[in-house]
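Structural overview
Below, each chain spelled out in residue letters.
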Amino acid sequence: MYILFFTFISAIRWNVGVDSSSYFVTFLSGDSYVGTKEEEHVWGLWQNFIYNNRISPAIGLGGAAFVQIFFLTDALKRYRRILITLPFILFGSHYFMDYSNAVRQMMAASIFVWGTQFIVNRNLIKYILTILLAASFHHSAIVLSIIYFLPTGIDTSKYRWWWIGILTCCLIIGRSPSFQHIADTMNYLTVLTGYDSYGDRVSNMLSGGYDDEKLGFGPMMLSFYLIGIFIMWYAPKLKETYGKYIPQFDLWYLLSNIYICIYFLVCNISHIFIRPTMYFELFQMIMASLLLLYFISRKYKYTLYASAYYLIIAVCCTWDTWKAQDKPFEASTYKTILTYPYKQEINHFRK
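All values derive from a computational prediction rather than experimental measurement.

Considerations on the overall build of the chain
A count of helical and extended segments in the chain gives 19 helices and zero strands. In the chain, which comprises 351 residues, the share counted as buried stands at 52%. Excluding contacts between residues fewer than 6 apart, the proportion of contacts in the chain whose partners are at least 24 apart in sequence is 75%. As presented, the chain carries roughly 16700 Å² of accessible surface, and 64% of it is formed by carbon and sulfur atoms.

Description of the confidence of the model for the chain
On average, the chain scores 80 in pLDDT, and the residues at 70 or more come to 73%. Model confidence for the chain, summarised as mean pLDDT per element, is weakest for helix 12 (residues 196-206) at 42 and strongest for helix 8 (residues 124-135) at 95.

With respect to helix 14 (residues 235-242)
Taken together, the buried positions of helix 14 are Ala235, Leu238, Thr241 and Tyr242. On an axial view of helix 14, the arc spanned by its buried residues comes to 130°, and they lie on one face. Buried-residue contacts for helix 14 involve helix 13 (219-233), helix 15 (249-266) and helix 17 (281-297).

So, the packing of aromatic side chains
A ring pair, where both rings are aromatic, is described by two values, the distance of the centres and the angle of the planes. Under the defined criterion, the tally for this structure stands at 33 aromatic pairs. Between the aromatic rings of Phe112 and Phe283, the centroid separation amounts to 5.5 Å while the plane-to-plane angle is 85°, which identifies the pairing as edge-to-face. Highlighted residues: Phe112 in helix 7 (residues 103-120) and Phe283 in helix 17, separated in sequence by 171 residues. For Phe112, a relative accessible area of 0% puts it in the buried group. Taking the relative accessible area as the measure of exposure, Phe283 reaches 0% and is therefore buried. Each ring, one from Phe230 and one from Tyr234, has its centre 6.3 Å from the other, and the planes form 20°; the classification is stacked. Looking at Phe230, the relative accessible area reads 18%, which means it is buried. Each residue in the set Phe230, Tyr234, Tyr294, Phe295, Tyr305 and Tyr309 is aromatic and connected to the rest through ring pairs, giving one cluster.

A look at the pattern of salt bridges
Going through the model one piece at a time under the given rule, you end up with three salt bridges. We note a salt bridge from Glu40 to Arg104, for which the minimum N-O separation is 2.7 Å. Placement of the pair is Glu40 in the loop between helix 2 (20-29) and helix 3 (41-52) and Arg104 in helix 7, with a sequence separation of 64 residues. No difference in accessibility class separates Glu40 from Arg104, as the two residues are buried.

With respect to the packing of helix 9 (residues 160-174) against helix 15
Contact pair helix 9 / helix 15: the axes reach a minimum separation of 7 Å and the direction vectors enclose 25°. The orientation of helix 9 relative to helix 15 falls into the category roughly parallel. Where helix 9 abuts helix 15, its residues Trp163, Ile166, Leu167, Cys170, Leu171, Ile173 and Gly174 lie against Tyr253, Leu254, Asn257, Ile260, Cys261, Phe264 and Leu265. Considered class by class, the residues forming the contact of helix 9 with helix 15 number twelve nonpolar, two polar and no charged.

Details of unusual backbone geometry
Of note in the backbone geometry, Arg54 takes a positive phi value of approximately 50° without being a glycine. Topologically, Arg54 is positioned in the loop between helix 3 and helix 4 (57-75). By relative accessible area, which is 48% here, Arg54 ends up partly exposed. One non-glycine residue with positive phi stands out, namely Arg122, at about 60°. When you line up the elements, Arg122 lands in the loop between helix 7 and helix 8.

Some points on the environment of Val315
Mapped onto the elements, Val315 comes out in helix 18 (residues 303-323). A relative accessible area of 29% means that Val315 is categorised as partly exposed. Taking the C-alpha atoms as reference, Val315 lies 9.7 Å from His94; in sequence the two are 221 residues apart. When sequence neighbours within four positions are dropped, the list of residues in contact with Val315 reads Pro219 and Ser223.

A word on a positive patch on the surface
Positive charge collects at one region of the surface, where Arg81, Lys237, Arg298 and Lys301 lie side by side. Residue class for Arg298 comes out partly exposed when judged on its relative accessible area of 31%.

A look at the packing of helix 14 against helix 17
In contact at an axis separation of 10 Å, helix 14 and helix 17 are set at 80° when each is read in the N-to-C sense. By the angle between their directions, the pair helix 14 and helix 17 is classed as roughly perpendicular. Taken together, the residues of helix 17 that come into contact with helix 14 (itself represented by Lys237, Leu238, Thr241 and Tyr242) are Met287, Leu290, Leu291, Leu293, Tyr294 and Ser297. Its residues assigned to classes, the contact of helix 14 with helix 17 comprises seven nonpolar, two polar and one charged.

Some details on the environment of Ala11
Mapping Ala11 onto the fold places it in helix 1 (residues 2-12). Taking the C-alpha atoms as reference points, Ala11 and Ser56, 45 residues apart in sequence, are found 9.8 Å from one another.

Rules used in this analysis
Residues numbered from 1 in each chain as written. Predicted model: local features only at pLDDT ≥ 70, side-chain atom pairs only at ≥ 80, totals over all residues. Heavy atoms only, no water. Helix = DSSP H or I, 4+ residues; strand = E, 2+ residues; numbered from the N terminus. Buried < 20%, exposed > 50% of the residue type's maximum accessible area, 1.4 Å probe, protein only. Contact = heavy atoms within 4.5 Å. Areas by Shrake-Rupley, 256 points an atom, 1.4 Å probe, with all protein chains shown as cover. pLDDT = per-residue confidence, 0-100. Arc of directions from axis to C-beta. Phe/Tyr/Trp six-rings, centres within 6.5 Å; stacked < 30°, edge-to-face > 60°. Salt bridge = Lys/Arg side-chain N within 4 Å of Asp/Glu carboxyl O. Axes fitted to C-alpha atoms, helices over the stretch in contact; angles between N-to-C directions. Parallel < 35°, antiparallel > 145°, perpendicular 65-115°, else oblique. Nonpolar A, V, L, I, M, F, W, Y, C, P; charged D, E, K, R; others polar. Patch = residues over 30% accessible without salt bridge, like charges linked within 9 Å, V, L, I, M, F, W, Y side chains within 5 Å. Lys, Arg positive; Asp, Glu negative; His and termini not counted. Charge placed at Lys NZ, Arg CZ, Asp CG, Glu CD.

Now the structure itself:
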């Protein structure tokens, strides 16, 4: 029922994430508006199946959501109590928006989370096969092969002051104008590696065409920052309480911190630099869910902490939904195909 609920909600949503309508168009037209059929074979087969059989795009997106939530929940089967708080974090913060926006990449990210068991167990063959499966949905997942060589037995949860210092430094450096000039060099490198469209996008942004993509430090960014601080501060408690149940805890915590630190370092350069970090975003969602579980399981002792923590999390979704109202490319969390006349916008693709 847990998997079916998420699949259903994801299938009927409309315009949750800026790429949502692009996926509808992809399934309706059969063209590769998102994805590359030649490289992402499983995704290409699924897209062709939906298009050739004239099946509703909602089924196509529902199938993608099933892959996302199946691999994520299966990765958490060693400690299923986390599934109690996971929906509150998933839907309360920005994670569902990203799940519904970068659909293929988050399918690959969920498979990657599931595959980290093979890193801990030191099974290189199974891990490589897992990455190949992830790459069949989003070809960039192939770079995750190098994660196998990260240390897995090091407890970094006890270095919370170091982590908080690193995160704060990344925030400060990432917002400095001198560091943002690195985009000029990175733009050149993206063209050299064949990402010409991304290179053009960076150039446009630097010339002012995408000024809105630069992220100001408002309520949403403050929410992101405080979520990271909370996780880092309570990491020793999380390790003590849940580490014995979750073999991948040390690796997941490390990747969670890598995600938030790199995010703040690059988020003011360009969106294309945020995309690679999203492969590690789900590890932060898992840690955030564990922390909420830790708070509520202590009942009255941590009631105030739990309330303050969730308020910080909910700010992200609430603020994002409010500020997106009446914008041409509104990405909402509340519209569905059952209540919104989406066919008027994309019906011409059926011709």
